[in-house]
Amino acid sequence: MTATQHLFFSALRPDECVELRILGMPTPYGGTSTVSGYFDSPEELEKAAAKYTVQGGNAYCTINPCPIDLAARTGINQVSTRKGTPTTADKDILRRTHLLFDLDHSRPSGIAANEYELHAALTLGQKMADDLRAEGWPEPITVNSGNGCHLIYRINLGNTAEDLQKVKAILKWADTRWGDPGGVRIDQTVCNAARISRLPGSMNRKGAGSPERPHRRSQVIFQPALLETVPGEVLGLCAAAEQVSGRLEFAGSFDLEEFIARNLPEARGPIPYEDGVKWTLQVCPWNPAHDNNAAFVIRRGDGRIGAGCLHNGCQGNNWRQLRALFETVPTRPVAVQY
């Protein structure tokens, strides 16, 4: 089974298909156009992608299945070059079968990655997959996108507002845990149901290309014999872990910088985080086995302080408990009613 068959077609039901979309196709007049079509045959999709990408452009495919009725736009297993042909919208998707983690090194928009940036993204992707495997996730399909790393997991979710929020929380949880400001980040925009992802085996053409930042062909690095589904409870725990950062306390005029310098000298930061700042800790203060930058301290713009660790085993740890590890925290007087 080819990568395309395994990734985009193995989850399809008889009444479903996928959309092939080729962006940036050169036109005779110097502009670009979009070519798109709906496929239930991986062989036909690969042939169509090869025919059009050799002329230029970038090939993508929906990661979640489309209703077969959408094929009436172009005809099944063929593409349309007509301007204005509709493409798949989020509301068209009935269910989510794949979760995409897209890792790229920070760089100016519109240019390809250099070798260092690509290597950094692939290295972090491997570490992330290893860490997730240790916490109950199955093996993902790992793709060198040409500029970064894609980890693609099989999931079983619907397409509701609640499912969207769950995927958003998981992506944010992952970036908080593994992302490195100024380094490799995990794209937060790939949460929508009609998300398209680069077609493995196709050229990644970003910018004009140069010897230092060349166009590269995307390729599958690892493909498990069976793409197992991430258990629903595991997805739920990871989404819930993101809410740890929401348990914040007002600390008045507390000198957080002095506390961190005195008790957590290895902390990295502060770095901008939402409307405040964040420090990350290589080793978790509650569990030294968590040594992959999963622990954090944050301070919001309004002065509220929070702390925690994104490992499932550390759920419930917070700022007050972190202070208690290093000092006696004064207790608040309890009001007694008579």
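Within each chain, residue numbers correspond to sequence positions counted from 1 in written order. pLDDT decides what is reported in this predicted model: residues at 70 or higher carry local features, side-chain atom pairs at 80 or more are listed and counted, and totals for whole chains, interfaces and linings draw on all residues regardless. Each side-chain value is worked out from all heavy atoms of the structure, with water and hydrogens disregarded.

Caption draft 1: The arrangement of the packing of helix α3 (residues 115–134) against helix α4 (residues 161–178) in detail. Axis definition: a line fit to C-alpha positions, over the contact stretch in the case of helices; interaxial angles, taken between N-to-C directions, run 0 to 180 degrees. Only runs of H or I of at least four residues qualify as helices and only runs of E of at least two qualify as strands under DSSP, and these elements are numbered from the N terminus. Running from N to C, α3 and α4 cross one another at 110°; their axes reach a closest spacing of 12 Å. With respect to α4, the element α3 is oriented roughly perpendicular. For the pair α3 and α4, the crossing hand works out as right-handed. Within the contact between the two elements, α3 uses L124, M128, D131 and L132 and α4 uses W173, A174, R177 and W178. Grouping the constituent residues of the contact of α3 with α4 by class yields 6 nonpolar, no polar and 2 charged. Angles are sorted into four bins: roughly parallel if under 35 degrees, roughly antiparallel if over 145, roughly perpendicular if 65 to 115, and oblique for all others. It is the rotation of the near helix from the far one that decides the hand of a crossing: anticlockwise by less than a right angle makes it left-handed, clockwise makes it right-handed. Two residues qualify as a contact provided that any one of their heavy atoms is within 4.5 Å of a heavy atom in the partner residue. For this classification, the nonpolar set comprises Ala, Val, Leu, Ile, Met, Phe, Trp, Tyr, Cys and Pro, the charged set comprises Asp, Glu, Lys and Arg, and every other residue, Gly included, is treated as polar.

Caption draft 2: Just unusual backbone geometry, in detail. The peptide bond linking G269 to P270 adopts the cis configuration, its omega dihedral lying at 5°. Among the structural elements, P270 can be located in strand β15 (residues 268–273). A positive phi angle, close to 65°, is found at N293, a residue other than glycine.

Caption draft 3: The arrangement of the layout of surface pockets in detail. Taken as a whole, the largest pocket spans an internal volume of roughly 450 Å³. For the lining of the largest pocket, the secondary structure elements donating two or more residues are β6 (95–105) and β10 (196–198). It is β6 that contributes the most residues to the lining of the largest pocket, 4 residues altogether. By residue class, the composition of the lining of the largest pocket is 6 nonpolar, 10 polar and 7 charged. Within this scheme a cavity is a closed region of a 1 Å grid, computed over the protein atoms alone, that accommodates a 1.4 Å probe without allowing it to escape, whereas a pocket is open but has protein on both sides within 12 Å along at least five of seven lines; lining residues each have an atom within 4 Å of a point. Grid points are joined across faces, edges and corners, and a volume is the space filled by probe spheres set on the points. In this structure, the second largest pocket occupies an estimated 320 Å³ of space. Contributions of two or more residues to the lining of the second largest pocket are made by α3, α4 and β15. Here the lining of the second largest pocket takes 4 residues from α3, the largest share from any one element. When the residues that make up the lining of the second largest pocket are grouped by side-chain class, the tally is 7 nonpolar, 8 polar and 4 charged.

Caption draft 4: Quick look at the nonpolar core. In this structure, L20, F101 and W137 are the most contacted members of the largest nonpolar core, which totals 75 residues. Per element, the largest residue contribution to this core is 7 residues, and it comes from α4. Not counting residues up to four positions away in its chain, the partners in contact with F101 are M128, L132, W137, C149, H150, L151, Y153, I170, L171, A174 and I186. If you look at the next biggest cluster of nonpolar residues, it comprises 8 residues, including C17, C66, I93 and A194. Throughout this description, the term nonpolar core refers to a set of buried Ala, Val, Leu, Ile, Met, Phe, Trp, Tyr and Cys residues connected via side-chain atoms within 4.5 Å. Using a 1.4 Å probe on the protein chains alone, a residue whose accessible area is under 20% of its type maximum counts as buried, one over 50% counts as exposed, and one in between counts as partly exposed.

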